[in-house]
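Analysis of the macromolecular model
The residues making up each chain are set out below.
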Amino acid sequence: MQLNSFDHIILLAHGSPDTKWKEPFEVITSNIVEKVGSDRVSLAFMELTTPTLEDVIQSLSVSKQKLAVLPLFLAVGRHLRQDVPAQIEDISQAQNRDITLLPPIGDDNAVRDAIEQSIIGRLSN
């Protein structure tokens, strides 16, 4: 999937009140930002921690009109069928932005392959 057609990509993780839980997502985002710049990618959390999706979108320049939300989820469940689309609809209307919800990262074959290889490697040791 080509992400270059969007002004900004928001990586969306679930969220947890445990601050240690979000560290891997912050590291991933930091590594991506080092390569593409903070003007292209940010990290938000769906619930239970900050920044929220709304916080991130409010912080973006008004020139960032065409946004994509890339869920860092393995599969589509109730959150991606109902909760996140409802959040995006509310934010889109309130802030007059074009926000697209992308399929979760777990739908990417490269992610699935990496998970499979990691499990196979652990079984081989």
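Presented here is an overview of the structure given in this document.

What counts, and where the lines are drawn
- Residues numbered from 1 in each chain as written.
- Predicted model: local features only at pLDDT ≥ 70, side-chain atom pairs only at ≥ 80, totals over all residues.
- Heavy atoms only, no water.
- Pairing = 2+ DSSP bridges.
- Helix = DSSP H or I, 4+ residues; strand = E, 2+ residues; numbered from the N terminus.
- Axes fitted to C-alpha atoms, helices over the stretch in contact; angles between N-to-C directions.
- Contact = heavy atoms within 4.5 Å.
- Buried < 20%, exposed > 50% of the residue type's maximum accessible area, 1.4 Å probe, protein only.
- Right-handed = clockwise from strand over helix to strand, strands pointing away.

Another aspect to go through is the sheet that holds strand 3 (residues 66-71). Taken in spatial order, the four strands make up an open sheet running 2-1-3-4, and their pairing is parallel. Strand pairing shows two members of the sheet lacking a second neighbour, strand 2 (41-45) and strand 4 (98-101), which therefore form its edges. Neighbour to neighbour, the strand axes of the sheet diverge by 25° on average, direction disregarded. By the bridge criterion, five bridges tie strand 1 (residues 8-13) to strand 3 in an arrangement that is parallel. Opposite histidine 8, over in strand 3, you have leucine 67 as the bridge partner. Packing against the sheet, helix 3 (residues 78-95) makes contact with strand 1, strand 3 and strand 4, and its axis sits at approximately 170° to strand 4.

The next point concerns unusual backbone geometry. Across the junction of threonine 50 and proline 51, the peptide omega takes the value 5°, indicating a cis bond. Relative to the helices and strands, proline 51 resides in the loop between strand 2 and helix 2 (53-59). Even without a glycine there, the phi angle at leucine 48 is positive, about 70°. Mapped onto the fold, leucine 48 is located in the loop between strand 2 and helix 2. Since its relative accessible area comes to 55%, leucine 48 is described here as exposed. Unusually for a residue other than glycine, asparagine 96 sits at a positive phi of about 55°. The residue asparagine 96 is located in the loop between helix 3 and strand 4 in this model.

Another point: the pairing of strand 1. As a general feature of sheets, a regular strand has side chains that alternate between the two faces. Along strand 1, six of the six residues are buried, which leaves the element largely enclosed by surrounding structure. Of the two faces of strand 1, the one holding His8, Ile10 and Leu12 and the one holding Ile9, Leu11 and Ala13 are both buried throughout. The pairing of strand 1 with strand 2 spans five bridges and is parallel. Note that in strand 2 the partner of isoleucine 9 across the bridge is valine 41. Between the parallel elements strand 1 and strand 2, the chain passes through helix 1 (residues 23-36) in a crossover that is right-handed.

Bringing the side chain of threonine 29 into the picture now. The topology assignment puts threonine 29 in helix 1. Beyond its immediate chain neighbours, meaning those up to four positions away, threonine 29 contacts Leu11, Val41, Ser42 and Leu43.

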